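# A structural walkthrough
So the chains spell out like this:
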Amino acid sequence: MICYDLSPYVRSISTFSFDFCLLCVRCSFEIIAELLSNRYFAHLNELAWYGKVRLPTASTQWMQESWQRSVMVSAAYVALIYAGQKVMESRKPFGLSMPLFVWNMGLAIFSILGFIRMTPEWVWSWRDNSFVYSICTASYAQGVTGFWTEQFAMSKVAELLDTAFIVLRKRPLLFLHWYHHVTVLIFTWHAYKDHTASGRWFIWMNYGVHALMYTYYALRSLRLRLPKQIAMVVTVLQISQMIMGIYIGFTVYRVKSAGNQCQQTWENLGLCFAIYFTYFLLFCNFFYHAYLKKNNRYTAGTKPTAKLSKEEQPEVEQLKEDINANISGSTIVTRSTARRRAQKVD
């Protein structure tokens, strides 16, 4: 595969040239093709829901050899975002309401199933053992929970398609959105290759938050008006997840520093601190601007619309509604930007 030897492309990488963008895309397709190959899914010949699924040794071995490819996929993802936005500059936005609903509902159902299947083992790990056991012993990486752990890691590639809907619908794209997707993918694959024990908590929390979040997105894609408090609860749960991630990281650090065994490498622990701390800052900043700051996305632009013509008012209101329908793509609509956007709407 071309992805194994990137040395001839170092110059292209340093300049982020068009050739490098093409290389990223090509490597991504090769990686996805291998993920879908019989070699990778050969071990999935038993039921994932009712039956016992053996330790996913094939996927573990593949991840240990290939987790770095998550970096290449992430680079291709960022390149495609840039290219997609350039292509869409001169085009009208796509509606995609029904495909967006189906996509979000599918991810919601997947997250609900994962949350249900991970919960019994998660409860057992700290109730029948201890909190330290739950973050230092990776007994969850086998059986049914092992299967849903594997699917969790693979789902981080699929979730990159969230951004395609934002780009194709020409919605505002926050740094938080694409940064979160990129770093979660890399961190998850890096942790999965060693069956990081604290991943039990990270996976369980993420399944739970995503179950609610994607259900909310699905309902909003149908243009249903939901109370502001629901969106706030989703963001609060996300922030709580980051706080718990930081606390778990500190606990693992203390256990390992005391010379005790804990199944998480120092390298992965460093990544854990870095991403969860930055997530915490970014989500808190988002919460403040989206819900607390004066002229936030729920209140800004309401007065200026009264001064606009009857033809302009529905368009501005629809723009605000679309922004609210996707937390990851939301932005602050001030009075001045509301006027400018009303003039730009076709």
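Refer to the preceding data block for the structure.
Everything numeric here is computed off the predicted structure, so don't read it as measured data. (Residues numbered from 1 in each chain as written. Predicted model: local features only at pLDDT ≥ 70, side-chain atom pairs only at ≥ 80, totals over all residues. Heavy atoms only, no water.)

## Some details on the packing of helix α6 (residues 97-127) against helix α8 (residues 143-158)
As a reminder, the rule being used: Lines fitted to C-alpha atoms define the axes, with helix axes restricted to the stretch in contact, and inter-axis angles between N-to-C directions lie between 0 and 180 degrees. Numbered from the N terminus, helices here are DSSP runs of H or I no shorter than four residues, and strands are runs of E no shorter than two. An angle below 35 degrees is treated as roughly parallel, one above 145 as roughly antiparallel, one from 65 to 115 as roughly perpendicular, and anything else as oblique. By convention the crossing between two helices is left-handed if the near helix lies anticlockwise of the far one by an angle smaller than a right angle, and right-handed if it lies clockwise. We call two residues in contact whenever any of their non-hydrogen atoms come within 4.5 Å of each other. Note that Gly is not counted as nonpolar here; it falls among the polar residues with everything else outside the nonpolar set of Ala, Val, Leu, Ile, Met, Phe, Trp, Tyr, Cys and Pro and the charged set of Asp, Glu, Lys and Arg.
Orientation of α6 relative to α8, taken along the N-to-C sense of each, is 150°, at an axis distance of 9 Å. Taken together, α6 and α8 sit at an angle that is classed as roughly antiparallel. Pair α6 / α8 crosses with left-handed handedness. Packed against α6, whose contacting residues are Trp103, Phe110, Leu113, Gly114, Arg117, Met118 and Glu121, the element α8 presents Val144, Thr145, Trp148, Thr149, Gln151, Phe152, Ser155 and Ala158 at the interface. Here the contact of α6 with α8 is built from residues that sort into eight nonpolar, five polar and two charged.

## Some remarks on the state of the cysteines
We apply this condition: Counting rule for disulfides: a pair of cysteine sulfur atoms within 2.5 Å. When a residue's accessible area, from a 1.4 Å probe over protein chains only, is under 20% of the maximum for its type it is buried; when over 50% it is exposed; and in between it is partly exposed.
Per the counting criterion, the structure on display carries one disulfide. At a sulfur-sulfur separation of 2.0 Å, the disulfide partner of cysteine 136 is cysteine 262. Across the S-S bond linking cysteine 136 and cysteine 262, the dihedral sits near -85°, which makes this disulfide left-handed. Separated by 126 residues along the polypeptide, cysteine 136 in helix α7 (residues 131-136) and cysteine 262 in the loop between α12 (228-257) and α13 (266-292) bring together distant segments of the chain. The two residues cysteine 136 and cysteine 262 agree in class, both being buried.

## Points about the side chain of aspartate 162
What counts, and what does not: Here Asp and Glu are counted as negative and Lys and Arg as positive; His is not counted, and neither are the chain ends. By definition, a salt bridge exists where a carboxyl oxygen of Asp or Glu is found within 4 Å of a side-chain nitrogen of Lys or Arg.
Tracing the backbone through its elements, the reader meets aspartate 162 in helix α9 (residues 162-168). Buried and without a salt bridge, aspartate 162 has lysine 156 as its closest oppositely charged side chain, separated by 8.3 Å. Residues contacting aspartate 162, with those up to four places away along its chain left out, are Trp103, Leu107, His177, His181 and Tyr214.

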